[in-house]
6 protein chains.
Amino acid sequence: MIRTRKMWEMTWPEVKQAVDNDMGIMLPIGSIEQHGYHLPLCTDSLIPTRLCLDMAEETNMIVAPPVMYATNSRPQSGGGQSFPGTTSIGGITFINELEDIIREFMRHGFQKITLFNWHMENSNFMYEAAWLATDKGTNKDVKILIMETPFDSFDKATMDFLYPDGFPGWGVEHAAMFETAILLYIAPELVLMDRAMDDGPEKKAFYDKLPIEPQFTTKSGSLWKATLATKEKGERIWQELKKTLIPILKEEL
Amino acid sequence: MIRTRKMWEMTWPEVKQAVDNDMGIMLPIGSIEQHGYHLPLCTDSLIPTRLCLDMAEETNMIVAPPVMYATNSRPQSGGGQSFPGTTSIGGITFINELEDIIREFMRHGFQKITLFNWHMENSNFMYEAAWLATDKGTNKDVKILIMETPFDSFDKATMDFLYPDGFPGWGVEHAAMFETAILLYIAPELVLMDRAMDDGPEKKAFYDKLPIEPQFTTKSGSLWKATLATKEKGERIWQELKKTLIPILKEEL
Amino acid sequence: MIRTRKMWEMTWPEVKQAVDNDMGIMLPIGSIEQHGYHLPLCTDSLIPTRLCLDMAEETNMIVAPPVMYATNSRPQSGGGQSFPGTTSIGGITFINELEDIIREFMRHGFQKITLFNWHMENSNFMYEAAWLATDKGTNKDVKILIMETPFDSFDKATMDFLYPDGFPGWGVEHAAMFETAILLYIAPELVLMDRAMDDGPEKKAFYDKLPIEPQFTTKSGSLWKATLATKEKGERIWQELKKTLIPILKEEL
Amino acid sequence: MIRTRKMWEMTWPEVKQAVDNDMGIMLPIGSIEQHGYHLPLCTDSLIPTRLCLDMAEETNMIVAPPVMYATNSRPQSGGGQSFPGTTSIGGITFINELEDIIREFMRHGFQKITLFNWHMENSNFMYEAAWLATDKGTNKDVKILIMETPFDSFDKATMDFLYPDGFPGWGVEHAAMFETAILLYIAPELVLMDRAMDDGPEKKAFYDKLPIEPQFTTKSGSLWKATLATKEKGERIWQELKKTLIPILKEEL
Amino acid sequence: MIRTRKMWEMTWPEVKQAVDNDMGIMLPIGSIEQHGYHLPLCTDSLIPTRLCLDMAEETNMIVAPPVMYATNSRPQSGGGQSFPGTTSIGGITFINELEDIIREFMRHGFQKITLFNWHMENSNFMYEAAWLATDKGTNKDVKILIMETPFDSFDKATMDFLYPDGFPGWGVEHAAMFETAILLYIAPELVLMDRAMDDGPEKKAFYDKLPIEPQFTTKSGSLWKATLATKEKGERIWQELKKTLIPILKEEL
Amino acid sequence: MIRTRKMWEMTWPEVKQAVDNDMGIMLPIGSIEQHGYHLPLCTDSLIPTRLCLDMAEETNMIVAPPVMYATNSRPQSGGGQSFPGTTSIGGITFINELEDIIREFMRHGFQKITLFNWHMENSNFMYEAAWLATDKGTNKDVKILIMETPFDSFDKATMDFLYPDGFPGWGVEHAAMFETAILLYIAPELVLMDRAMDDGPEKKAFYDKLPIEPQFTTKSGSLWKATLATKEKGERIWQELKKTLIPILKEEL
């Protein structure tokens, strides 16, 4: 029995007890990043935090305080760094911070660590931090799952339910249907649905360009259709995510 | 009119509006650090976050997401880094992170920034970050208040109310009466009052020693008497803090 | 008229002339990384270098010396860092190095820069370097294309030609059909085709795990079927790449 | 018997002998910082160096060359970084330098190290360096005393002697009575007593502000009354410091 | 038997075989730096790479990909950093990169490593990297030769042959007779001999000055007489270098 | 008229006056490094400090506190890092520290800066620091002389006087005749002449090797004959150095 899964609300003896009971620890990693006219800056941080908390009981893990200040937004995945509100730290500092946090978890005695991310720009930086924290992969006393993306794909039925009119690709699902639907399910009080936009960049590309050109981003910050979101879709996504992730966490750690 | 003072729950146009309305921004800075048998690890982060939120309206500021992962705990101010649960980042990384965040606030257009800290070990590192972020003090487009400690002293009446049996010095007020009282007032659900201890180090000194020796810290992690805390004292402290801080924020920024 | 497109074989007045003639500069970025039993360690560096050289005339650019020492290999995209021969530098150092090189190009006077990468693990680190080199995107005197991946997708006819028995996904195309075919076309003398393997990891996942587990990588280092490669496929790929990239380079810069 | 306590005037075999004889080593840490119209820039470096030398015999220690270039001056403790002459290094570099020096002492074989500081702004940075140099407190082969402040308090008789008209608080004792008196005692040739000022900031606060505002600092650089200094007070301070410190050094190391 | 000495053209099992056969590894280190009107930017990288390859068989070593982006050019040894084309990275980044590469060689299992440099400005930085990579000289499992300069002196007969009209000192042999002759021998196709200049700085000094003053460098970038170069001199130099270096490599490693 | 040339003994208004009078500033840079059985660890720091002070009047400069903790000793120039007493900081930290100090001099208003070094291992690191401090050579408001070596050569008469039995090369003049003679002249009280040794490495080379092999260094730490030193030779050296340096300082700054 454990009083709470939120590490930050635990006392230190409770953390010790979690370690003694061979529990694992999940670190939610997100961003403070513009999410259109209608979603809060913390969207990328809120989703992984809630998801980790929602999976903690079943996977026998606790959840560390989320890393909210994270890497720079890129135009085609997050709208780019030019929106007011988007508050990022450099990639080098992010690596250093994550490495320190992982090493602290190891000092506490945790042997099962999951880095759970929702901000695509954090990819590779997270792996680098875990690589360094495990002494370039030579420390065998710990297992670290690096989940830079929360899933691989959904089944056809789910996709049909979510995208009855066709799937636009994950690339544009920033502050659009997917994230809006999740927030309508987990935190409807934070969604200004009446300001939700169907938007999209004038131009998409497999490359990026600096300085940022307006055509690669959008006016609202949403990269696709936010108005298609419903609470039902959010619930479906949430269930699918848990269905995917819980067995992995159980098996791998 | 502003919908919320929590920057992380704002949309980016709301942040822009805050900037356009000449609002300031407060950054709560704390720690994830042991706070005895009875207080949560987030104590140092929760207090400044709540206090900033509580002062935001009156000072015309918004509140950024707190920096919870911060500098190493020291034996005589926080019990030291050997407790499980205490989760810190190196001082260098902390400086770099703060500098980046401050520069982001400046990019958004904020001209009034307050760094509000509750974790004594962050002192000097915070000033260094602000020094760097203002290009070694030469950037005159912004005003930054660096509040490494939240107050100077309380008046005699308050001290008599808080410490009827004598004041032990601020140095030992870690996870003891002061912080416990505050949490009983602002977040009683997070206090395990039945586990609160009256504790104290065997030895106190004006210097530190490494490796950490047990005599300079305590078994529980509380550095003085936690059982003396009451909700009433917490409320009094809270009012005093606000009475001290609000006029400063108004005057200086 | 320009004597050579290889910057490293130019004299400095020739570089000056290139700048004066408003030429751009391409930086090939790769790795020194295991590529199975049959491909050389320089595969990731050779391909972008040759491709850049092959496009230089038509796009009016010159080609800088390739960055061959790059970021750590990951198990599911490059087999991971445990193979002898794979020689990487840390992500932080990689960012710093790229930033310096880009700033040098800017000092020379180049206003059109392309970072052209073939080693997937370099993604995001490259963007970060470009972000820093442009003073966080505020330097408007230069245009930088950050091509972390060399293409988005091929048309159906091409895919059918390349993968008549079905496409396994780009994720496993490391030291497999795709890269082997390219090398058979551009550098057949470097391919030990008789040692080529059809291999694949026992387990694939959308996440990574440290320390590296054998099931996520392969014995040979190839992640799919190398024996399906032919010179003809390599030629087709090469033409498709050029067909994709040349118009982009012309239009964007 | 030892020829000299100044490490810098020793030969290497003499250092080896000191190690073999189980001597400790003291590192004086100060600053090059404005000290008003009448005291030299090296005041903060001279005092700890002389004090360490004066205690070396009795504590069986030698004294390393002082670290004179140290962290940035802050307005309310040193007048701030805007005076010509104040010559500082960044806090990050200071941490790195101290860590290296401590590790060198450990390589020599010293098992008793004292970091003895007189420049308040160095606090916390010093502890961080020692923390890192001891591999985050896990190296048990050495004992390090981190003396960021040279004393806790003086007894009443001493205070009455030093401050017959009342004690203004340690916070303003920069280039004022205290330091002037010490220099009159240990290095009168460096004191321009005829230029000594009674000065003080227009405004004092428990927080700092950037960019630096004149009201928080002073014109002369002295933060209180320098004219109250006498050689006798300096001698009394010196004896009190030694009376406090020598027993600590003997007991702790 | 070994198929190739170029590590970058090897497969990973071939690198493993090299390690198993107790071969050593040479890392050529150069620059991308102006070399006058007539020599390519890669001169400093090409020479050590070819020399290493030419000595590999006899010394039982393989050759790693050259480090071409290296430290800043200085006015009196390379003409200075103001020529377009000279493309350098900072000294700190260079140290970090070399340390990483050396550590990778050690991970592969190599126990004999030679850092072979041709760009004088890399001196001391290279040693620092090797010092760090061997854990400050304490790692005894590897032998590293740090060859910052490729020779000490030539015999009189050679000097008379190379400099019949007198030796100007090695200091000015940048893009002059020495390097031109070598390239005429090893890569004549890269020499624009008709543009070769006899040049030299107006002023020579044992110190440097910043910002760079024109009198300490030259218009062409050559620091002495390039027209004196012949292929025969290049061949003689090449033989002398090999005669000097091969016995050292055999004896020391 | 100036009271003292020692910056550290100046008050801040005196530094300001020096700036206002267009004086320059010299930074002595040395080491804390073994210097045989008979010379103090501070030899490399003492010599440049005294020399700068001795030239200050005539060149209209002041002298900053010496940088004594500097880069790692190398076997063939300083005996190497394995002697107890040698106390160094990493090259990266050294660069960062020097950059900061130079920038502070520039902030004070100094337009003429000389970095004057006596520890050969500091070479190139010093230039890098100056390069960075001048914003990669683009800051034209200051002139910096980087004197990594204090002279080029002496005339024949001087050499005959100093080395009547032949000159062994500057490379071995560590803790040998040259430095011993200087100290006999400027600080005879610091020389333990009865312990002076004639020593030398078993083996000399133009390359270095790690880990350090005893044959490349010496037992005493002196690299040549210390017993040949006399006060008269020291005086001659001192006069020659001043004769060389003063005109340069006057002309260049």
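The shown structure was predicted, so the numbers you read here are calculated from the model rather than taken from an experiment.

**Side note on the pairing of strand β3 (residues 112–117) of chain E**
Residue and element names in this part refer to chain E.
Argument step 1. Taking burial as the measure, the six residues of β3 include five buried ones, the bulk of the element.
Argument step 2. The pairing of β3 with strand β4 (residues 143–147) spans five bridges and is classified as parallel. Residue pairing for β4: phenylalanine 116 is matched across the bridge by methionine 147.
Argument step 3. In the classification by handedness, the crossover that spans β3, the intervening helix α5 (residues 125–133) and the parallel β4 is right-handed.

**Some points on the interface of chain E and chain C**
Argument step 1. Contacts between chain E and chain C engage 54 residues on the former and 54 residues on the latter.
Argument step 2. Carbon and sulfur atoms supply 63% of the area buried between chain E and chain C, which totals about 4,000 Å² over both sides.
Argument step 3. Sorting the residues of chain E by area buried against chain C places Trp12(E), Tyr69(E) and Pro84(E) first, and these three jointly supply 19% of that buried surface.
Argument step 4. Linking chain E with chain C are two salt bridges, by the criterion used here.
Argument step 5. Here chain E is connected to chain C by 28 residue pairs in polar contact (both at pLDDT 80 or more).
Argument step 6. Taken together, the elements giving at least two residues each to the side of chain E that touches chain C come down to α1 (12–20) and α4 (91–108) of chain E.

**Here's the deal with the relation of the copies chain E and chain C**
Two copies of a chain can be linked by a rotation about an axis combined with a shift along that same axis.
Argument step 1. At an RMSD of 0.0 Å, chain E and chain C line up after a rotation of 180° and a shift of 0.0 Å along the axis. This pairing of chains is accounted for by a two-fold axis. Looking at the rotation axis and the C-alpha trace of chain E, the residue lying nearest is Thr93(E), at 3.1 Å.
Argument step 2. A shared interface surface links the copies, since 100% of the contact residues of chain E are contact residues in chain C too.

**Overview of the sheet that holds strand β2 (residues 61–63) of chain C**
Argument step 1. Read from one edge of the open sheet, five strands run β5(A)-β4(C)-β3(C)-β1(C)-β2(C), paired in mixed fashion. One side of each edge strand has no neighbouring strand; the edge strands of this open sheet are β5 (208–210) of chain A together with β2 of chain C. Neighbour-to-neighbour, the strand axes of the sheet open up by a mean angle of 20°, direction not taken into account.
Argument step 2. Pairing of strand β1 (residues 24–29) of chain C with strand β3 (residues 112–117) of chain C involves five bridges; the strand directions are parallel. From the neighbouring strand, Met26(C) faces β3(C), where its bridge partner is Thr114(C).

**As for the packing of helix α7 (residues 177–186) of chain D against helix α8 (residues 231–252) of chain D**
Residue and element names in this part refer to chain D.
Argument step 1. At a minimum axis separation of 7 Å, α7 and α8 run at an interaxial angle of 95°. Considering their axes alone, α7 and α8 lie roughly perpendicular with respect to each other. Here Met177, Phe178, Ala181, Ile182, Leu184, Tyr185 and Ile186 of α7 come into contact with α8, specifically with Lys231, Lys233, Gly234, Glu235, Ile237, Trp238 and Gln239.
Argument step 2. Within the contact of α7 with α8, the residues separate by chemical class into nine nonpolar, two polar and three charged.

**Considerations on the packing of helix α4 (residues 91–108) of chain C against α4(E)**
Argument step 1. Where α4(C) contacts α4(E), the axes come no closer than 9 Å and their chain directions differ by 135°. Regarding the angle of α4(C) to α4(E), the classification is oblique. Helix-helix and strand crossings are classified by hand; for α4(C) and α4(E) the assignment is left-handed. Along the contact surface, α4(C) presents Thr93(C), Asn96(C), Glu97(C) and Asp100(C), while α4(E) presents Thr93(E), Asn96(E), Glu97(E) and Asp100(E).

**Some details on the packing of aromatic side chains**
Residue and element names in this part refer to chain B.
Argument step 1. Scanning the model with the defined rule gives 111 aromatic pairs over all chains in all.
Argument step 2. Taking the centre distance of 6.4 Å and the plane angle of 80° together, the rings of phenylalanine 105 and phenylalanine 110 count as edge-to-face. Accessibility assignment for this pair places phenylalanine 105 and phenylalanine 110 in one class, buried.
Argument step 3. The ring centre of phenylalanine 161 lies 5.0 Å from the NZ or CZ of arginine 236, which sits over that ring.

**Some points on the sheet that holds strand β2 (residues 61–63) of chain D**
Argument step 1. Read from one edge to the other, the open sheet built from five strands follows the order β5(B)-β4(D)-β3(D)-β1(D)-β2(D), with strand pairing classed as mixed. With partners counted over all chains shown, the strands left at the sheet margins are β5 (208–210) of chain B together with β2 of chain D, one partner each. On average, each strand axis in the sheet is inclined to that of its neighbour by 20°, with strand direction left out of account.
Argument step 2. As paired elements, strand β1 (residues 24–29) of chain D and β2(D) share three bridges and run parallel to each other. Among the inter-strand pairings, Ile25(D) is bridged to a residue of β2(D), identified as Ile62(D).
Argument step 3. The strands touched by helix α5 (residues 125–133) of chain D within the sheet are β5 of chain B together with β1, β3 (112–117) and β4 (143–147) of chain D, with β4(D) carrying the most contacts at an inclination of about 170°.

**Notes on the pairing of β4(E)**
Argument step 1. Across the five residues that make up β4(E), a large majority, four, are buried.
Argument step 2. In the sheet, β4(E) pairs with strand β5 (residues 208–210) of chain F via three bridges, with the strands oriented antiparallel. Paired with Leu145(E) across the two strands is Lys209(F), which belongs to β5(F).

**Topic: unusual backbone geometry**
Argument step 1. Cis geometry is adopted by the peptide bond preceding Pro211(D), which originates at Leu210(D) and carries an omega value of -10°.
Argument step 2. Of note in this structure, Asp135(F) is not a glycine but carries a positive phi near 55°.

**Let's talk about helix α7 (residues 177–186) of chain E**
Think of an α-helix as turning once every 3.6 residues; residues three or four places apart then point the same way.
All names here are of chain E.
Argument step 1. Most of α7 sits inside the fold, with nine of its ten residues counted as buried.
Argument step 2. Listing the buried residues of α7 in full gives Met177, Phe178, Glu179, Thr180, Ala181, Ile182, Leu183, Leu184 and Ile186.
Argument step 3. Against the buried residues of α7 lie α2 (43–59), α6 (156–162) and α8 (231–252).

**Describing α4(C)**
All names here are of chain C.
Argument step 1. Its 18 residues give α4 an end-to-end C-alpha distance of 26 Å, which sits within 8% of 26 Å, the value for a rise of 1.5 Å per residue.
Argument step 2. Of all the 18 residues making up α4, 14 are buried; the element is thus mostly covered by neighbouring parts of the structure.
Argument step 3. The positive-phi residue at the C-terminal boundary of α4 is glycine 109, with phi of around 110°.

**A short note on the pattern of salt bridges**
Argument step 1. Tallied over the full model, the rule gives 114 salt bridges over all chains.
Argument step 2. Note that Lys209(E) is salt-bridged to Glu213(E), the shortest N-O span being 2.9 Å.
Argument step 3. Classification of Lys209(E) by relative accessible area gives buried; the value is 5%.
Argument step 4. The class for Glu213(E) is buried, based on a relative accessible area of 17%.
Argument step 5. Each of Lys203(A), Lys209(A), Glu213(A), Glu251(C) and Glu252(C) takes part in a single network of salt bridges with overlapping partners.

**With respect to the side chain of Thr49(C)**
Residue and element names in this part refer to chain C.
Argument step 1. With respect to the element layout, threonine 49 can be found in helix α2 (residues 43–59).
Argument step 2. Residue class for threonine 49 comes out buried when judged on its relative accessible area of 10%.
Argument step 3. Beyond its immediate chain neighbours, meaning those up to four positions away, threonine 49 contacts Trp8, Pro28 and Pro66.

Procedures and definitions
- Residue numbering note: each chain is counted from 1, following its sequence as written.
- Written order decides the labels, with chains lettered from A and ligands numbered from 1.
- Owing to the predicted nature of the model, reporting of local features is limited to residues with pLDDT of at least 70; listing and counting of side-chain atom pairs is limited to 80 or more, with chain, interface and lining totals taken over all residues.
- In computing side-chain values, all of the structure's heavy atoms are included and hydrogens and water are not.
- Accessible area is worked out with a 1.4 Å probe on protein chains only. A residue is then buried under 20% of its type maximum, exposed over 50%, and partly exposed in between.
- Segments assigned H or I by DSSP are reported as helices when at least four residues long, segments assigned E as strands when at least two residues long, and all are numbered from the N terminus.
- At least two DSSP bridges between two strands are needed for those strands to be called paired.
- Looking down the strands as they point away from you, a crossover is right-handed if its path from the first strand over the helix to the second goes clockwise.
- Should any heavy atoms of two residues lie within 4.5 Å, those residues are considered in contact.
- What gets called buried area is simply the loss in accessible area from a 1.4 Å probe that two parts show on being joined, summed for both.
- When a carboxyl oxygen of Asp or Glu is within 4 Å of a side-chain nitrogen of Lys or Arg, the pair counts as a salt bridge.
- Here a polar contact is recorded for every N or O atom pair within 3.5 Å, except that within protein the pair must consist of a potential hydrogen donor and a potential acceptor, and residues adjacent in sequence are included only if both atoms are side-chain atoms.
- All copies are superposed by least squares; the fitting set is the C-alpha atoms of residues with a pLDDT of at least 70 in both.
- Only C-alpha atoms enter the line fits that serve as axes; for helices the fit covers just the stretch in contact. Angles between N-to-C directions range over 0 to 180 degrees.
- For classification purposes, an angle smaller than 35 degrees is called roughly parallel, one larger than 145 roughly antiparallel, one from 65 to 115 roughly perpendicular, and anything else oblique.
- Residue polarity follows a fixed list, in which Ala, Val, Leu, Ile, Met, Phe, Trp, Tyr, Cys and Pro are nonpolar, Asp, Glu, Lys and Arg are charged, and the others, Gly among them, are polar.
- Note: crossing handedness is left-handed where the near helix turns anticlockwise from the far helix by less than a right angle, and right-handed where it turns clockwise.
- Pairing of aromatic side chains requires ring centres within 6.5 Å, counting the rings of Phe and Tyr and the six-membered ring of Trp. Pairs whose planes differ by under 30 degrees are stacked, by over 60 edge-to-face, and all others tilted.
- Criterion for a charge above a ring: Lys NZ or Arg CZ within 6 Å of the ring centre, and within 35 degrees of the ring normal.
- For a helix, the expected span equals 1.5 Å multiplied by the residue count minus one.

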